Amino acid sequence: VDGFADLYPDGTQGQTTNAFLASDAVWSDSAGFAAQVAKFQGAIDAAVAAAPADKAALGAVFGPIGGSCRSCHQGYRTRQ
């Protein structure tokens, strides 16, 4: 995830991938976007540190990862 926010440099507004478009908030609220990326990284780091040993344990640590994906997509992604 390191460098993820760097995939959205100034000047890339309006470019699409897979029928989704990054909302203008990625650039107009870059601090908020960076905070969402940091939240996502933290959730991943916690999951790795937990070292889930089976499917149930993986499910338990995956919830926060999915939640951070969802919250970022709700604020920083839009459909074309």
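Summarised in this report is the structure supplied together with it. (Residues numbered from 1 in each chain as written. Predicted model: local features only at pLDDT ≥ 70, side-chain atom pairs only at ≥ 80, totals over all residues. Heavy atoms only, no water.)

With that settled, consider helix α2 (residues 30-50). Taking 1.5 Å per residue as the helical rise, α2 with its 21 residues ought to reach 30 Å, and the 30 Å between its terminal C-alpha atoms agrees with that figure. For α2, every residue scored as buried is listed here: G32, F33, Q36, V37, Q41, A43 and A47. Of the surrounding elements, those touching the buried residues of α2 are α1 (25-28) and α3 (55-76). Immediately downstream of α2, the backbone of A51 shows phi near 45°, a positive value. (Helix = DSSP H or I, 4+ residues; strand = E, 2+ residues; numbered from the N terminus. Expected span 1.5 Å × (residues − 1). Buried < 20%, exposed > 50% of the residue type's maximum accessible area, 1.4 Å probe, protein only. Contact = heavy atoms within 4.5 Å.)

Moving on, we come to the nonpolar core. A22, V26, W27, F33, V37, C72 and Y76 together form the largest nonpolar core, which totals seven residues. Elements supplying a minimum of two residues to this core: α1, α2 and α3. What V26 contacts, discounting residues up to four positions off in sequence, is Y8, F33 and Y76. (Core = buried A, V, L, I, M, F, W, Y, C linked by side-chain atoms within 4.5 Å.)

Attention now moves to α3. Taking 1.5 Å of rise per residue, 22 residues should cover 32 Å, and α3 covers 30 Å from first to last C-alpha, within 8% of that figure. At F62, α3 is deflected by roughly 35°, the largest bend along its length, and proline P64 occurs up to four residues later in sequence. Taken residue by residue, α3 has V61, I65, G66, S68, C72 and Y76 as its buried positions. Where α3 starts, the residue carrying a side-chain oxygen 3.3 Å from the main-chain nitrogen of A56 turns out to be D54. (Bend = angle between axes of the 7 residues up to and from the residue. Polar contact = N/O pair within 3.5 Å; in protein donor to acceptor, adjacent residues only side chain to side chain.)

The next thing to look at is the packing of aromatic side chains. One pass over the structure, following the stated rule, counts three aromatic pairs. Ring plane angle 70° and centroid distance 6.2 Å describe the contact between Y8 and W27, whose orientation is recorded as edge-to-face. A residue pair is termed long-range when its members are at least 10 positions apart, and Y8 in the segment before β1 (16-17) and W27 in helix α1 qualify at 19 residues. Summarising the aromatic geometry, the rings of F33 and Y76 are spaced 5.4 Å apart at their centres and angled 55° between planes, so their arrangement reads as tilted. With F33 in helix α2 and Y76 in helix α3, the pair connects residues that are 43 residues apart, well separated along the chain. Take Y76: its relative accessible area is 10%, and that puts it in the buried class. Here a set of aromatic residues connected by ring pairs shows up, and it is made of Y8, W27, F33 and Y76. (Phe/Tyr/Trp six-rings, centres within 6.5 Å; stacked < 30°, edge-to-face > 60°.)

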